2 protein chains.
Amino acid sequence: MIRKRLLVSAIALGSALAVSIPAMADDGLGDYRDRFEPLPYLPPIPADNSLTPEKVELGKMMFFEPRISSSGVISCATCHNPALGWSDRIPRATGHDGQVGERNTPTVLNSGFLDSQFWDGRAADLEEQALGPIEADVEMAMDLDQALKRLEGFDVYQRRFSEAYPDDENPINGDNLAQALASFQRTLNTPNSPFDRYLRGDMNALDEQEKDGMVAFVDNGCVACHSGPNLSDGNFHAIQVPGSEDEGRYVVTGEESDKYKFRTPTLRNVAVTYPYMNNGATETLEEAVSIMGQEMLGRDFEDKEIDNITAFLHTLTGEMPEFEVPALP
Amino acid sequence: MIRKRLLVSAIALGSALAVSIPAMADDGLGDYRDRFEPLPYLPPIPADNSLTPEKVELGKMMFFEPRISSSGVISCATCHNPALGWSDRIPRATGHDGQVGERNTPTVLNSGFLDSQFWDGRAADLEEQALGPIEADVEMAMDLDQALKRLEGFDVYQRRFSEAYPDDENPINGDNLAQALASFQRTLNTPNSPFDRYLRGDMNALDEQEKDGMVAFVDNGCVACHSGPNLSDGNFHAIQVPGSEDEGRYVVTGEESDKYKFRTPTLRNVAVTYPYMNNGATETLEEAVSIMGQEMLGRDFEDKEIDNITAFLHTLTGEMPEFEVPALP
């Protein structure tokens with residue numbers, strides 16, 4: 001009875017709000033809004049890696065654990081730095097012994113929403129992705145077996161892995177390490193950006209320029225590839241940005257048709273994950289918009305259009321995940 | 001009137017507690033306790049660098065800022081890693097291009113209580129210390145002027161420095177950077193360890209073995225050098241630990257009498273700041289206690305004594321500072 005009354009009150013309140021607050025009125029851009037989806041609070045969870053608190057907490061420890069690198073000072077968090085939008089804000093990743101890699105570090109924020117991982121999509125999911133940087137010569141440069149051996153040396157990790165994988169006799173193994181890292185990363189999402197609030201009905205969450213940018217983003221066809229909740233279609237598209245010779249997905253598949261193709265990157269938090277493009281050679285968002293117009297759409301955007309689209313892209317910065325740096329053993 | 005009544009009640013309660021809870025009774029070790037001091041919540045603040053929230057917050061940003069290193073990926077927090085007791089848990093600091101330095105990274109925890117900084121005391125205070133690692137070739141390898149130039153490139157830092165140093169026309173300079181870093185570090189203290197609680201009257205905060213360890217620590221003379229709130233006398237003592245050729249303070253002063261001398265390190269949080277000694281070659285606390293007995297006291301401790309002193313040293317782990325990783329521009 002009380003419940004029913006509350007429901008009725010809520011409906012009454014809802015109607016009252018719809019009538020009395022202009023912000024809830026439609027701004028006439030419904031057709032544009034329909035091309036987008038707000039970011040959910042969690043990405044899809046794979047059936048074979050259920051998202052348990054034990055795995056997430058263990059994955060967080062592993063993410064900040066530098067001793068699974070050969071130098072003992074590089075962790076996932078070195079390049080996916082939470083102080084820097086969970087990326088590194090330098091052109092190309094810098095890892096073991098100061099070696100500079102070939103590509104710009106993608107943010108791990110919202111990476112659970114992507115259909116494949118790495119610029120060239122060579123990993124199908126976060127589980128497949130997680131161990132790559134540990135073993136890569138230019139990143140953490142660590143033999144996986146040796147990394148696992150180091151972890152086994154800590155009582156705390158023996159206990160944590162056992163708690164996260166209670167059915168495994170020897171829970172400290174590569175698959176479980178990858179599962180834990182993937183689980184932690186699936187919690188690093190940035191919902192409730194101004195754009196998400198706008199899509200959910202708060203017509204004042206975007207100002208006029210930002211809305212003009214959204215319209216330009218749709219009308220010019222950016223949305224063809226930057227679609228879905230994470231603003232990535234998950235497909236591979238050919239692009240050669242200034243200064244890049246990178247053959248992209250071709251390196252993975254050997255298919256001529258994959259030359260220079262990269263998986264569409266997310267645009268979520270793009271304002272705080274500079275610099276841009278696979279080679280990180282593009283410093284500003286304005287430049288990036290201009291280059292994408294030329295390379296992908298064959299268009300020279302006018303300055304005003306660039307400014308509007310850039311303003312729109314700034315509305316894709318969401319709430320950063322709350323977390324505490326773990327105390328490692 | 002109410003206040004007076006509360007006071008009377010508190011006194012009555014206090015007496016009741018003293019009578020009924022044996023923990024408040026004296027354990028007969030008052031003479032030993034008198035040799036120590038609990039850690040205050042804040043270290044001394046220098047008259048020319050008052051501890052303002054603006055400086056502390058700016059200093060925190062600078063502490064986590066990797067772009068004041070030449071590679072763009074090394075920050076103070078790389079070696080003074082909050083996940084690892086604000087140290088690095090490797091034998092010797094590993095910095096720019098994977099170069100390995102000469103000495104073990106000291107924790108920044110409670111460093112504001114030390115009478116001088118660095119193993120050889122070559123900096124008088126945190127202000128003098130702060131810029132050293134930025135410019136050191138084997139650490140962040142960055143020219144200071146270039147670091148300041150990078151900082152100037154960010155509007156956020158222009159604003160933050162102006163707010164922290166409102167009287168300065170050009171607030172982004174080396175002195176202010178050092179002051180801000182020092183201010184942040186003065187907040188990184190670990191009060192309220194079991195030993196501090198014991199010193200404040202909670203007789204149950206230490207168990208019997210830990211108390212035996214405290215007694216051994218005093219009776220064997222460890223307390224001669226490891227004294228004061230941070231368990232360091234601030235003086236320089238000659239020691240050559242296994243594997244070390246390091247001439248210590250001699251390198252700073254050129255005085256023959258300073259050969260192999262190092263400033264007494266803090267023992268606060270020593271259980272979580274392994275490995276030990278100036279060259280980081282000592283992995284366990286038990287080994288470290290044994291070596292100190294031999295080198296400094298000319299004594300071969302028995303196993304039981306080592307275990308007891310080690311148990312006591314574990315009670316020096318305090319409450320880790322709460323902080324949030326800052327969002328950098």
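Residues numbered from 1 in each chain as written. Chains lettered and ligands numbered in written order. Predicted model: local features only at pLDDT ≥ 70, side-chain atom pairs only at ≥ 80, totals over all residues. Heavy atoms only, no water.

**Q** Describe the UniProt feature "domain: Cytochrome c" (unreviewed entry) in chain A, listing the residues and the values that go with them.
**A** All names here are of chain A. The UniProt feature table records "domain: Cytochrome c" (unreviewed entry) at residues 54-155 and 208-317. A helix fraction of 31% and a strand fraction of 0% characterise residues 54-155, whose end C-alpha atoms lie 16 Å from each other. A distance of 18 Å separates the end C-alpha atoms of residues 208-317, which is 37% helix and 5% strand. (UniProt positions renumbered as here; feature names shortened; annotations may be inferred. Helix = DSSP H or I, 4+ residues; strand = E, 2+ residues; numbered from the N terminus.)

**Q** I'd like a description of the relation of the copies chain A and chain B, backed by residues and values.
**A** Of the two same-sequence chains, chain A is brought onto chain B (RMSD 0.0 Å, axial shift 0.0 Å) by a rotation of 180 degrees. Here the transformation between the copies is reduced to the relation of a two-fold axis. No C-alpha of chain A lies nearer the rotation axis than that of Asp97(A), which sits 2.1 Å from it. Interface overlap between copies: 100% of the residues of chain A at the interface are likewise at the interface in chain B, consistent with a symmetric, same-surface contact. (Least-squares fit on C-alpha atoms with pLDDT ≥ 70 in both. Contact = heavy atoms within 4.5 Å.)

**Q** Please give an account of the environment of Thr105(B) that cites residues and values.
**A** Residues and elements named next belong to chain B. In this structure, threonine 105 sits in the loop between helix 4 (76-79) and helix 5 (126-130). Given a relative accessible area of 6%, threonine 105 falls into the buried group. Taking the C-alpha atoms as reference points, threonine 105 and proline 91, 14 residues apart in sequence, are found 8.0 Å from one another. (Buried < 20%, exposed > 50% of the residue type's maximum accessible area, 1.4 Å probe, protein only.)

**Q** Can you break down the interface of chain A and chain B residue by residue, with the values?
**A** On the chain B side, the residues contacting the 23 residues of chain A number 23 residues. Here chain A and chain B share an interface that buries about 1,800 Å² over both sides, 63% of which is from carbon and sulfur atoms. Considering only the surface of chain A that becomes buried against chain B, Val73(A), Ala83(A) and Val325(A) emerge as the three largest contributors, covering 26% of it. Run the count over chain A and chain B and you get zero salt bridges. Where chain A packs against chain B, one counts ten residue pairs in polar contact (both at pLDDT 80 or more). (Buried area = accessible area lost by both parts, 1.4 Å probe. Salt bridge = Lys/Arg side-chain N within 4 Å of Asp/Glu carboxyl O. Polar contact = N/O pair within 3.5 Å; in protein donor to acceptor, adjacent residues only side chain to side chain.)

**Q** Which residues make up the layout of surface pockets, and what values go with them?
**A** Residue and element names in this part refer to chain A. Roughly 930 Å³ of internal volume is contained in the second largest pocket. If you go around the second largest pocket, you meet 45 residues; those closest to its centre are Arg103, Pro106, Phe118, Arg122 and Glu139. At the level of secondary structure, the elements contributing two or more residues to the lining of the second largest pocket comprise helix 4 (76-79), helix 5 (126-129), helix 6 (132-135) and helix 9 (174-185). In terms of residue count, the dominant contributor to the lining of the second largest pocket is helix 5 (three residues). When the residues that make up the lining of the second largest pocket are grouped by side-chain class, the tally is 18 nonpolar, 17 polar and ten charged. (1 Å grid on protein atoms, 1.4 Å probe; cavity = no way out; pocket = protein on both sides within 12 Å on 5 of 7 lines; lining within 4 Å. Points joined across faces, edges and corners; volume = space filled by probe spheres on them. Nonpolar A, V, L, I, M, F, W, Y, C, P; charged D, E, K, R; others polar.)

**Q** Pulling in residues and values, what's your account of the pattern of salt bridges?
**A** Considering all chains together, one arrives at 28 salt bridges over all chains under this definition. In this structure, the salt-bridge partner of Lys259(A) is Glu256(A), at a minimum N-O distance of 3.1 Å. Under the relative-accessibility criterion, Lys259(A) is labelled partly exposed at 24%. With a shortest N-O distance of 2.7 Å, Glu65(B) and Arg67(B) are connected by a salt bridge.

**Q** Provide a residue-level description of the packing of helix 11 (residues 208-219) of chain B against helix 14 (residues 303-314) of chain B, including the pertinent values.
**A** Residue and element names in this part refer to chain B. For the pair helix 11 and helix 14, interaxial distance at closest approach is 7 Å and the crossing angle is 105 degrees. Between helix 11 and helix 14, the crossing angle belongs to the class labelled roughly perpendicular. Here Gln209, Glu210, Asp212, Gly213, Met214, Ala216 and Phe217 of helix 11 lie close against helix 14, whose contacting residues are Glu305, Asp307, Asn308, Ile309, Ala311, Phe312 and Leu313. Its residues assigned to classes, the contact of helix 11 with helix 14 comprises seven nonpolar, three polar and four charged. (Axes fitted to C-alpha atoms, helices over the stretch in contact; angles between N-to-C directions. Parallel < 35°, antiparallel > 145°, perpendicular 65-115°, else oblique.)

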